[in-house]
Amino acid sequence: SSGINAEYGVVNYTNRSGKSDIPESLLLKSYLAATTCAVGVAVGLNKATVKLPPLVGRFVPFVAVASANCVNIPMMRQSELVNGIDVVDENGAVVGQSKAAAKSAIVQVVLSRIIMATPGMALTPVIMDTLDTKTKLFKGRAWLAAPVQVGLVGFILTFATPLACAVFEQNSSISVKNLETNIQDKLRETGSEAKFLTFNKGL
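Everything numeric in this text was worked out from a predicted model, so none of it was measured.

Here is what the cut-offs are and how they apply
- Sequence order as written defines the numbering, with residues in each chain counted from 1.
- In view of the model being predicted, local features appear only for residues whose pLDDT reaches at least 70, and side-chain atom pairs are presented and counted only at 80 or more, with totals across whole chains, interfaces and linings using the full set of residues.
- The basis for every side-chain value is the complete set of heavy atoms in the structure, and neither hydrogens nor water enter the calculation.
- Just to be clear on terms, a salt bridge is a Lys or Arg side-chain nitrogen sitting within 4 Å of an Asp or Glu carboxyl oxygen.
- A simple rule labels every residue: compare its accessible area, found with a 1.4 Å probe on the protein chains alone, to the largest value its type can have, and call it buried under 20%, exposed over 50%, or partly exposed in between.
- Secondary structure is summarised from DSSP: a helix means a run of H or I of at least four residues, a strand means a run of E of at least two, and numbering begins at the N terminus for each.
- Definition used in this section: a nonpolar core is a set of buried Ala, Val, Leu, Ile, Met, Phe, Trp, Tyr and Cys residues joined via side-chain atoms within 4.5 Å.
- Between two residues, a contact is recorded if the distance between any of their heavy atoms is within 4.5 Å.
- Whenever a helix is involved, its axis is fitted only over the stretch in contact; in every case the axis is a line through C-alpha atoms, and angles between N-to-C directions fall within 0 to 180 degrees.
- What sets the label is the angle itself: under 35 degrees gives roughly parallel, over 145 gives roughly antiparallel, 65 to 115 gives roughly perpendicular, and the rest give oblique.
- Handedness of a crossing is defined here by the sense of rotation of the near helix relative to the far one, left-handed for an anticlockwise turn of less than a right angle and right-handed for a clockwise turn.
- Strands are treated as partners if at least two bridges between them are detected by DSSP.
- Ring geometry is summarised as follows: Phe, Tyr and Trp rings, the Trp one being its six-membered ring, pair when their centres sit within 6.5 Å, and such pairs are stacked at plane angles under 30 degrees, edge-to-face over 60 and tilted between the two.
- Within 3.5 Å is the distance limit for a polar contact, defined as a pair of N or O atoms, with the added protein rule that one can donate a hydrogen and the other accept it, and that residues adjacent in sequence qualify only through two side-chain atoms.

*Asks:* How would you explain the pattern of salt bridges if you had to name every residue and give the values?
*Replies:* A full pass over the atoms with the stated rule returns two salt bridges. As a salt-bridge pair, Arg77 and Glu80 come within 3.0 Å of each other at their nearest N and O atoms. In this pair, the class of Arg77 matches that of Glu80, namely buried. Residues Arg188 and Asp185 are paired through a salt bridge, measuring 2.4 Å at the closest nitrogen-oxygen approach. You can see Arg188 and its partner Asp185 sitting in helix α9 (residues 181-189), three residues apart, about one turn around the helix. Take Arg188: its relative accessible area is 55%, and that puts it in the exposed class.

*Asks:* With reference to specific residues and values, describe the nonpolar core.
*Replies:* Core analysis: the largest hydrophobic core is formed by 14 residues, its most contacted members being Ile85, Val87, Ala101, Leu179, Ile183, Leu197 and Phe199. If you list the elements that add at least two residues to this core, you get β1 (85-88), α7 (99-134), α9 and β4 (196-200). Among the elements that take part in this core, α7 stands out by supplying three residues, more than any other. Those residues within four positions of Leu197 in sequence are excluded, and the remaining contacts are Val87, Val88, Asp89, Val95, Ser172, Ser173, Ile174, Val176, Leu179, Ile183 and Leu187.

*Asks:* Talk me through the packing of α7 against helix α8 (residues 145-165); I want residue IDs and the actual numbers.
*Replies:* It is at 8 Å that the axes of α7 and α8 come closest, and there the two elements cross at 150 degrees. When the interaxial angle is binned, α7 and α8 end up roughly antiparallel. Here the hand of the crossing between α7 and α8 comes out right-handed. For the pair formed by α7 and α8, the contact residues are Ser112, Ile115, Met116, Pro119, Gly120, Leu123, Thr124, Ile127, Met128 and Leu131 on the first element and Ala145, Val148, Gln149, Leu152, Val153, Ile156, Leu157, Ala160, Thr161, Ala164 and Cys165 on the second.

*Asks:* An account of the pairing of β1 is requested, with residue identities and associated values reported.
*Replies:* Summarising the sheet, β1 and strand β2 (residues 94-98) pair through four bridges and their orientation is antiparallel. Across the sheet, Ile85 pairs through a bridge with Ser98, a residue of β2. Counted between consecutive antiparallel strands, the loop separating β1 from β2 contains five residues, among which Gly92 sits at a positive phi close to 85 degrees.

*Asks:* Just give me the short version of the packing of aromatic side chains, but keep the residues and values in it.
*Replies:* Going through the model one piece at a time under the given rule, you end up with one aromatic pair. Summarising the aromatic geometry, the rings of Phe155 and Phe159 are spaced 5.3 Å apart at their centres and angled 70 degrees between planes, so their arrangement reads as edge-to-face. Pair noted here: Phe155 and Phe159 are both in helix α8, with a separation of four residues, about one helical turn. Classification of Phe159 as partly exposed rests on a relative accessible area of 48%.

*Asks:* Run through the pairing of β4, naming residues and quoting values.
*Replies:* Of the two faces of β4, the one holding Leu197 and Phe199 is buried and the one holding Phe196, Thr198 and Asn200 is not buried anywhere. Sheet topology places strand β3 (residues 171-175) next to β4; five bridges connect them, and they run antiparallel. Within β4, the residue paired with Ser172 across the bridge is Phe199.

*Asks:* Summarise the environment of Ile174; cite the residues concerned and give the values.
*Replies:* Structurally, the position occupied by Ile174 is in strand β3. Look at Ile174 and you get buried, because its relative accessible area is 8%. Residues Ile174 and Thr198 lie 24 residues apart in sequence; the distance between their C-alpha atoms is 6.2 Å. Setting aside anything within four residues of it in sequence, one finds Ile174 in contact with Ala100, Ala101, Leu179, Lys195, Phe196, Leu197 and Phe199.

*Asks:* Explain the packing of helix α5 (residues 60-76) against α7 to me, using residue names and the numbers behind them.
*Replies:* Where α5 meets α7, the axes come as close as 10 Å, and the angle between the chain directions of the two elements is 160 degrees. Relative to α7, the element α5 lies roughly antiparallel. Here α5 and α7 pass one another in a crossing that is right-handed. Across the interface between the two elements, Pro61, Phe62, Val65, Ala66, Asn69, Cys70, Ile73 and Pro74 of α5 pack against Ile106, Val109, Val110, Arg113, Ile114, Ala117, Thr118 and Met121 of α7.

*Asks:* Any details on the side chain of Gln108? Residues and values, ideally.
*Replies:* Residue placement: Gln108 occurs in helix α7. For Gln108, a relative accessible area of 10% translates into the label buried. Within the local environment of Gln108, its side chain forms a polar contact with the side chain of Ser172, the two groups lying 2.9 Å apart. In this structure Gln108 touches Phe168, Glu169, Ser172, Phe199 and Lys201, once residues within four positions along its chain are discounted.

If you want it as structure tokens, here you go:
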């Protein structure tokens, strides 16, 4: 399941900031890296938690997904880290391309994706463990566990997704003093007194 989840990471490319482009070769490398990371973490943790309580093992997918996001999103949006993303002034005019803004955008997206996964992948194991140990719901009906788990995750994501996306503003701001020297120089040359510029962080 961790591998399948990593495949969803291709969406990170379409949800990148602005018009940033990426070669198909890098897209493939990013996909393989994220999938390898997710599956590797899942397999490793599954082995490490064999002798631990079942509830601990149920949290393995969450750790795998969080790890995959930390690898997948920066790699899918690597061109932004290399070339920068547009930073605009209060009038919407593009002042330049900033790598610092790109780093901030990617960090925000990684955090929001982890936040998005947390309710479904943290609450679901507890609920499933309770249903498994405290009730007879799955006694003689082991096949029922999978659809119940998928239903729970889907229901929770219905609310977690928009909330997680709203944690950081779509058009985030960054202090001019944290931007590259060339952008600061350009603002001074134009007589701008802007203290902050904004950028599209992507999703």
